[in-house]
There are 2 protein chains.
Amino acid sequence: MEYKIKSRIWIEVDGEILLGEGRVQLLKAIAETGSLTKAAASLSMSYKKAWSLVDAVNTRAKKPVVNTSIGGTKGGGTELTEYGRTLIKIFDNLNENCWTFLDEQLANSEL
Amino acid sequence: MEYKIKSRIWIEVDGEILLGEGRVQLLKAIAETGSLTKAAASLSMSYKKAWSLVDAVNTRAKKPVVNTSIGGTKGGGTELTEYGRTLIKIFDNLNENCWTFLDEQLANSEL
DNA sequence: AACCGTTATGTAATTGTAAATATAACGAGA
DNA sequence: TCTCGTTATATTTACAATTACATAACGGTT
């Protein structure tokens, strides 16, 4: 029966969510599959939800996070931009730093 | 169009939530009103939800967080224990430290 | 031209969560 | 003993968020 401290972080723009853990997970799945449809399926998420999440990230970010293409042999696809990849890296870094910081804080508080 | 980092922290026991921002807010309202009914109303929360939140906190914490009484002239009431008050203080402290830490982290990441 | 898998978008259905409602018990005081 | 405001709990109702379904457009390939 030990107390554990948890946290979630997210980045906002104009009071609206730009990027959180769920969106980062989705972007990672897009990077792996090259397809929004497959990424959504791999996370057991509806395509519509996945699309609206990616759309929100893409329109709010300072630069596009994904490139999409429609049609062609493979039907099209979605790929991360370089900016999208750095965004993910920075987010993951912030998140891990936050976790270790909070663990230290809790340990020092003697709850 | 500036990026801002936000966070929520909470404390878990055995994988279940013990205390988060909402529960702390509720405990503070109880401290002010001396009544779970009034505390719930002051937060526009249903009594049932308020009760189940307080009950969860009370049963999972290492020591009781509130004392309740039923009946009597005033009908009864709910008051914080000393342990409940220190729990709130520590939580608020952790939370503020987390915010300033993350702000620093974001500033250093040059997003 | 026809096909196929994908993006993109609207609408209907569902379902899980929260609120509303109802009811009982309690106990000091009038 | 009756009242009153509170805690405590179950059941029903309502709503909002999510999913499911449907449809169109696209563009290489065959």
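Above this note sits the structure.
The rules we used
Residues numbered from 1 in each chain as written. Chains lettered and ligands numbered in written order. Predicted model: local features only at pLDDT ≥ 70, side-chain atom pairs only at ≥ 80, totals over all residues. Heavy atoms only, no water. Least-squares fit on C-alpha atoms with pLDDT ≥ 70 in both. Contact = heavy atoms within 4.5 Å. Near = heavy atom within 4 Å. Polar contact = N/O pair within 3.5 Å; in protein donor to acceptor, adjacent residues only side chain to side chain. Helix = DSSP H or I, 4+ residues; strand = E, 2+ residues; numbered from the N terminus. Nonpolar A, V, L, I, M, F, W, Y, C, P; charged D, E, K, R; others polar. Buried < 20%, exposed > 50% of the residue type's maximum accessible area, 1.4 Å probe, protein only.

Draft legend 1. Up close: the relation of the copies chain B and chain A. Rotating chain B by 180° and moving it 0.0 Å along the rotation axis overlays it on chain A with an RMSD of 0.1 Å. Taken together, the rotation and translation describe the operation of a two-fold axis. Across chain B, the smallest distance between a C-alpha and the rotation axis is recorded for Arg8 of chain B, namely 2.7 Å. The residues that chain B uses at the interface reappear at the interface of chain A in 100% of cases, marking a shared surface.

Draft legend 2. Structural detail: the protein's contact with DNA strand C. By nearness alone, 23 residues border DNA strand C, and Leu36, Thr37, Lys48 and Trp51 of chain A together with Thr73 of chain B come closest of all. Each atom of DNA strand C within 4 Å of the protein belongs either to a base or to sugar and phosphate, the latter forming 66%. Contacts to DNA strand C include Thr68 of chain A, whose side-chain N or O atom sits 3.1 Å from a phosphate oxygen. The set of elements that each furnish at least two residues to the surface near DNA strand C consists of helix 2 (36-42), helix 3 (47-60), strand 3 (66-70) and strand 4 (76-80) of chain A together with helix 3 (47-60) of chain B. Among the residues forming the surface near DNA strand C, the class breakdown is five nonpolar, 13 polar and five charged.

Draft legend 3. Inspection of unusual backbone geometry at higher detail. Residues and elements named next belong to chain A. The phi angle at Asp14 is positive, at roughly 55°, despite the residue not being glycine. If you trace the backbone, Asp14 turns up in the loop between strand 1 (3-13) and strand 2 (16-19). Look at Asp14 and you get exposed, because its relative accessible area is 63%.

Draft legend 4. Local environment of the protein's contact with DNA strand D. Taken together, 23 residues sit near DNA strand D, with Thr73 of chain A together with Leu36, Thr37, Tyr47 and Trp51 of chain B positioned nearest. A share of 69% of the atoms of DNA strand D within 4 Å of the protein falls on sugar and phosphate groups. Interatomic distance of 3.0 Å between a side-chain N/O atom of Thr78 of chain B and a phosphate oxygen of DNA strand D. Mapped by element, the contributors of at least two residues to the surface near DNA strand D are helix 3 of chain A together with helix 2 (36-42), helix 3, strand 3 (66-70) and strand 4 (76-80) of chain B. Looking at side-chain class alone, the surface near DNA strand D contains five nonpolar, 13 polar and five charged residues.

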